[in-house]
Amino acid sequence: MIRKFLSVEDDNLQSCIRCGLCLSVCPTYKETLAEEESPRGRIAIAKAFLEGYLEVTPDLVKHEYSCLLCEACTAICPAGVQMERLEVALRADVNGKRPQPFGERLSRAILYDRLLMDMSLFRFASGFIRVYQRSGLRRFARATGLLRAFGLHKLEGLLPPMRGSFVVPKGQRWLPRSGSPEYRVGLFTGCVMSTVYSSTTLATARVLAANGCEVIAVSGQGCCGSLHFHAADFEGARKLARRNIDAFLEQRVDFIILNSAGCGTLLKHYGELLGDDPDYKEEAAAFARKIKDVTEFLDGLNMNKELGGMNAIVTYQEPCHLSHTQGIRQAPRNLLRSIPGLKLVEMEESDVCCGSAGVYSITNPDMSRRLAMRKIRNALATGADTIASANPGCMLQLYAAVQETGAKLQIKHVVDLLDESYRVARPKEEVDICLAKKQ
Amino acid sequence: MLSEKTIEELRGIVGGEHVHIGPAELVAYSYDATFQQHRPDVAVSPACTEEVVEVMKLAYREVIPVVARGASTGLAGGTIPVSGGILLNLARMNKVIEIDKDNAMAVVQAGVVTAQLQKEVEKVGLFYPPDPASLNQCTIGGNVACNAGGPRCLKYGVTRHYVLGLTVVLADGRVLRCGGKLMKNSTGYQLPQLFIGSEGTLGVVTEVILRLLPLPRVRSTATAFFSKLEDASRSVAAIIASGILPATLELMDNVCINASADYLSLDLPRDAQAMLILEQDGNDEAAVRKEVERMAEVVKAQGAFLVKVAATSKERDDLWKARRGLGPALGRLSPNRFAEDITVAPGRIPEMVHRLLEIGKEFGFQILVFGHAGDGNLHPSILFDNTKPGVMEQVEKAAEAIFDAALELGGTLSGEHGIGTLKREFMEDALGPVALSVMKDIKKALDPKGILNPQKVFPQRASRKGFIMALPTLGNDLPG
């Protein structure tokens, strides 16, 4: 069948009543004010494609693939249209029938099929970038125009400096400083969060331990598979899901905690992803039930109040995959407000996608950049000195935008700020009790 | 089909990226919020009045149909380009040009989103009352074109009560500026009023001067639940007769109550046959509360078994979410819905509600009753499944019966949605031959070549039969 995947979404498509409410929240519509760049337009185009009134044309590809999958529309849709499912299905049907841009081919061949399939390779590549950043190579490459010659100059500017060592999950444990732990939680370390943002992942473990958790960086885990899923590489996503389920299965943890909103959304849907797999169906559902975003988990606790005073004006950038897909909007704000001396100031459009959206910044650099600039403008208007977020994609994107604009803004994870606050409260003591017990 | 030369000319006017002509793009400009679809030959998105002028000059010279739209959230087919031609997307014209605080007026481009304007003016303590359910996405230009209303119109009036002046690009590209930043104006014909509700058939509204009010400081909202629908509809007149003019007075029947409660997980009495939302606003908290209490007494005397006053602004927001989300919530009940917009004198609401229930029984449909009962504007909705054979004929008959009933009671076809394609075959019944012929004369004078939103508002068929089924959908919209 030609529209094999999209035809499954027929009911989903038909439920659109064309009220247009989605126009008020769609980032690409806000930027273009063109109907074909709106959810309602994309749904109508997909429907016409499914019904045979449209073929795969360049304009169809352009407008459907410029959807960020941010799910702002799904979250607001009164009729219950599920945009991500619809869009991924459409792309699954269209992918083989269109010319793939270079950036996309590159990310597919290198990132999806290789690096994300094997975290040791991912770390190796990240390590290479780290060496490149630290040595004079970066300056050399920039100065000589070498990057420009290969068209990589934009890409290179997106990467923040990597500090500290990577978190290689191999059963390390963190324990509360005193008393027996209330929860035994597994730490999902992911790809970018364990390399580029390894310091945030360590901070996450410390903050969890400071709140009565025994934290275990379970070995054998890897990439969550959401980039694969969004690129309609369903087999790739399932393969990674099975591996993660296997890794955590034996650990009998109460919860699996992560600090990456993007991963969290897919992890919470492993049950559906592996719904057709008789061997994994139940384990996947059980795994998904244990998933908690770190902000969601902490906000639900009676938290350790030994927080030290800080002096920061912070605005919160909502990751789409926290707000729109997981419905977690208040928890990160509550955590930020709990920090003494931290002033939380709300920006306009805090829940409008920053343009990161997985590999969107590589596949759709223009729109991605427009949305990043929009976000920086909104953040600057608040007078904040820091943007807090809760997702590596947003943090990478905002970092690159700050580099480009020279805006005086720090980019931090909510947990980084909490960790700093705990450290201020206990300056001399070692909060990080890593037992590094190999299993 | 338009010639490549025409397309190039359009590109020259608005810029290449604002000319939408790909096959998928044209689908995106083929619909509104009804079931109808018809693709234009090209869609263009101008940024200013001057660009609209150039587009109109070209269209006039080449005799190309032009359909202007804002967010295309209409419920009557008014922005469907049924004759092809140029679809003029005014969404980019979204600048609030001026908020004149001293004179309580705003000057805006046509593509400004209604809620956006409200938000901006409220920042400086001003108030733009018209509040169509789609206010988060619909535009002022569209509101003017359809003379849009909303719940607050009982007390505050509809769009036309707020328009002081317009900039209109005429069919031949001339720019008409009428009215002005003036509260009173008896100089000549009231031309702005002519264009309000004209649905893009007389000109393209590009800028609007709006009157604003001081923002009321206090709002209080109550809900009343009834075990009989008739008691609720009778309460409407009783409240007005008691000497109170509420800010809003909204009616929902049992099915609507349940649909809303399900959709938004609200705690509402599920077995109530009707619910009224009563709201009063003002500047004096005690006075506002007193009026709401007085209304509560009146509805209790009419048989309300429960009256609740929203204690917090969250409770009030939830209620309004329930009311605004009703259309979509109903969309989940059945595969298809035919929503109407009839209006009768407020005092005839009980009779109209009775007739609606009879019509439902006669044609075997569930007809839901909700709407702005306080101002006599109801949105009876026929729920149906269009995959069942023969169902569309029955829907047509039931819709016809609803129109006829409203007209018999001295009412009219549309209170705030407009006529578009959906109700045009009933225009002579509604207006009579004289009024319709005057309208035709005006149309001819302003649009001699008939290029502005063709086939809208005026009857197109010899009989009413097939007035729904003859409307275009994808697949039968393009020749060949």
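Residues numbered from 1 in each chain as written. Chains lettered and ligands numbered in written order. Predicted model: local features only at pLDDT ≥ 70, side-chain atom pairs only at ≥ 80, totals over all residues. Heavy atoms only, no water.

So, on to the sheet that holds strand S6 (residues 312-316) of chain A. Residues and elements named next belong to chain A. Pairing in this open sheet of four strands is parallel, and the strands run S7-S6-S8-S9 from one edge to the other. One side of each edge strand has no neighbouring strand; the edge strands of this open sheet are strand S7 (342-344) and strand S9 (410-413). Each strand of the sheet is rotated relative to its neighbour by a mean of 35°, with strand direction disregarded. Of the pairings in the sheet, the one linking S6 to S7 comprises three bridges and is parallel in character. Bridge pairing in S7 places Val314 opposite Leu344. (Pairing = 2+ DSSP bridges. Helix = DSSP H or I, 4+ residues; strand = E, 2+ residues; numbered from the N terminus. Axes fitted to C-alpha atoms, helices over the stretch in contact; angles between N-to-C directions.)

So, on to helix H10 (residues 285-301) of chain B. Residues and elements named next belong to chain B. Look at H10: 25 Å from first C-alpha to last across 17 residues, which is about the 24 Å you get at 1.5 Å a residue. Along H10, the positions that sit buried rather than exposed are Val288, Val292, Met295, Ala296, Val298 and Val299. Looking down the long axis of H10, one finds its buried residues gathered within 165° of arc, a one-sided arrangement. In H10, the exposed residues that point more than 90 degrees away from the buried face are Lys290, Lys300 and Ala301. The distance from a side-chain oxygen at the start of H10 to the backbone nitrogen of Ala286 is 3.1 Å, and the residue carrying that oxygen is Asp284. Residue Gly303 follows H10 closely and has a positive phi angle near 115°. (Expected span 1.5 Å × (residues − 1). Buried < 20%, exposed > 50% of the residue type's maximum accessible area, 1.4 Å probe, protein only. Arc of directions from axis to C-beta. Polar contact = N/O pair within 3.5 Å; in protein donor to acceptor, adjacent residues only side chain to side chain.)

Here we take up the sheet that holds strand S4 (residues 255-258) of chain A. All names here are of chain A. Strand order in the open sheet formed by five strands is S1-S3-S2-S4-S5, and the pairing between neighbours is mixed. Strand pairing shows two members of the sheet lacking a second neighbour, strand S1 (172-174) and strand S5 (291-293), which therefore form its edges. With direction set aside, neighbouring strand axes in the sheet form an average angle of 30°. Pairing analysis gives four bridges linking strand S2 (residues 183-188) to S4, with the strands arranged parallel. Each residue of the ladder has a partner; that of Gly186, found in S4, is Ile256.

Okay, the interface of chain B and chain A next. Bring the parts together and some accessible area is lost; that lost area is often taken as the interface size. Contacts between the two partners involve 32 residues from chain B, matched on the other side by 29 residues from chain A. Contact between chain B and chain A buries roughly 2400 Å² in total, counting both sides, with carbon and sulfur atoms accounting for 55%. On the chain B side of the contact with chain A, B:Ala24, B:Tyr31 and B:Gln137 bury the most area, a combined 22% of that side's loss. With its nearest N and O atoms 3.4 Å apart, the salt bridge here joins B:Lys119 to A:Glu348. Summed over the shared surface of chain B and chain A, the number is 19 residue pairs in polar contact (both at pLDDT 80 or more). Element by element, the count of residues in the side of chain B that touches chain A is highest for helix H2 (residues 23-28) of chain B, at five residues. Taken together, the residues that form the side of chain B that touches chain A break down as 13 nonpolar, twelve polar and seven charged. (Contact = heavy atoms within 4.5 Å. Buried area = accessible area lost by both parts, 1.4 Å probe. Salt bridge = Lys/Arg side-chain N within 4 Å of Asp/Glu carboxyl O. Nonpolar A, V, L, I, M, F, W, Y, C, P; charged D, E, K, R; others polar.)

Our next topic: the confidence of the model for chain B. Per-residue pLDDT for chain B averages 94, and the proportion of residues at 70 or more is 99%. What the predictor reports for the complex is a pTM of 0.94 with an ipTM of 0.95. (pLDDT = per-residue confidence, 0-100.)

Next up on the list: the pairing of strand S4 (residues 86-89) of chain B. Residue and element names in this part refer to chain B. Burial along S4 is two-sided: Ile86 and Leu88 and Leu87 and Asn89, pointing in opposite directions, are all buried. Where strand S2 (residues 42-44) lies against S4, three bridges are found, and the strand directions are parallel. Bridged to Val42 within S4 is Ile86. One ladder, built from four bridges, connects strand S3 (residues 66-69) with S4; its direction is parallel. Each bridged residue has a counterpart across the sheet, and for Arg69 the counterpart in S4 is Asn89.

A separate point is the environment of B:Ala339. All names here are of chain B. Among the secondary structure elements, Ala339 is positioned in strand S16 (residues 336-339). Along the backbone, Ala339 and Phe426 are 87 residues apart, and their C-alpha atoms lie at a distance of 16 Å. Ignoring sequence-local partners within four residues, the contact set of Ala339 consists of Pro380 and Ser381.

All names here are of chain A. Within this structure, the stated rule accounts for four cavities of 30 Å³ or more. Of the pockets and cavities examined, the largest cavity occupies roughly 140 Å³. What lines the largest cavity is a set of 17 residues, among which Cys16, Cys22, Ile43, Cys77 and Val81 lie closest to the centre. Mapped onto the lining of the largest cavity, the elements with two or more residues apiece are helix H4 (39-50) and helix H6 (72-76). The residue inventory of the lining of the largest cavity, partitioned by class, reads 14 nonpolar, one polar and two charged. Every residue lining the second largest cavity is counted, 13 residues in all, and those nearest its centre are Cys26, Pro39, Arg42, Cys67 and Cys73. Of all elements in the fold, only helix H3 (27-32), H4 and H6 reach the threshold of two or more residues within the lining of the second largest cavity. (1 Å grid on protein atoms, 1.4 Å probe; cavity = no way out; pocket = protein on both sides within 12 Å on 5 of 7 lines; lining within 4 Å. Points joined across faces, edges and corners; volume = space filled by probe spheres on them.)

To continue, consider the packing of aromatic side chains. For the structure on display, the rule yields 13 aromatic pairs over all chains. Ring centres of B:Phe403 and B:Phe426 lie 4.6 Å apart, and the angle between their planes is 55°; on these two criteria the pair is classed as tilted. Of this pair, B:Phe403 sits in helix H14 (residues 391-408) while B:Phe426 sits in the loop between H14 and helix H15 (427-446), and the two are 23 residues apart along the sequence. Grouping residues by exposure puts B:Phe403 and B:Phe426 together as buried. Through successive ring pairs, a cluster of aromatic residues spans A:Phe188, A:Phe248, A:Tyr270 and A:Phe287. We note A:Arg3 situated over the ring of A:Phe49; from NZ or CZ to the ring centre the distance is 3.8 Å. Taking the ring centre of A:Tyr65 as reference, the NZ or CZ of A:Arg91 above it sits at 5.0 Å. (Phe/Tyr/Trp six-rings, centres within 6.5 Å; stacked < 30°, edge-to-face > 60°. Lys NZ or Arg CZ within 6 Å of the ring centre and 35° of its normal.)

Turning our eyes to something else, we now look at a negative patch on the surface. Residue and element names in this part refer to chain A. A cluster of acidic residues, Asp246, Glu250, Asp279, Glu282 and Glu283, forms a negative patch on the protein surface. Note that Glu283 resides in helix H18 (residues 281-290). Residue classification places Glu283 among the partly exposed residues on the basis of a relative accessible area of 31%. (Patch = residues over 30% accessible without salt bridge, like charges linked within 9 Å, V, L, I, M, F, W, Y side chains within 5 Å. Areas by Shrake-Rupley, 256 points an atom, 1.4 Å probe, with all protein chains shown as cover. Lys, Arg positive; Asp, Glu negative; His and termini not counted. Charge placed at Lys NZ, Arg CZ, Asp CG, Glu CD.)

Our next topic: the nonpolar core. Residues and elements named next belong to chain B. Grouped together as the largest cluster of nonpolar side chains are 62 residues, with contacts concentrated most on Leu251, Leu276, Met352 and Ile382. In terms of residues, this core owes the most to one element, H14, which gives eleven residues. Composition of this core by domain shows at least three residues from each of domain 2 (218-329) and domain 3 (334-417). Aside from chain neighbours lying at most four places away, what touches Leu251 is Leu229, Ala232, Ala274, Met275, Leu276, Val353, Val369, Phe370, Gly371, Ala373 and Leu378. (Core = buried A, V, L, I, M, F, W, Y, C linked by side-chain atoms within 4.5 Å. Domains from an automatic or database assignment.)

The next subject is helix H4 (residues 114-123) of chain B. Residue and element names in this part refer to chain B. Taken as a whole, H4 has its buried residues at Thr114, Ala115, Leu117, Gln118 and Val121. Down the axis of H4, the buried side of the element spans an arc of 155°, and every buried residue falls inside it. In this fold, the buried residues of H4 make contact with strand S5 (96-100), strand S6 (105-109), strand S7 (126-127), helix H5 (140-146) and strand S10 (204-211). Looking one or two residues beyond H4, the residue adopting positive phi is Gly125, at roughly 80°.

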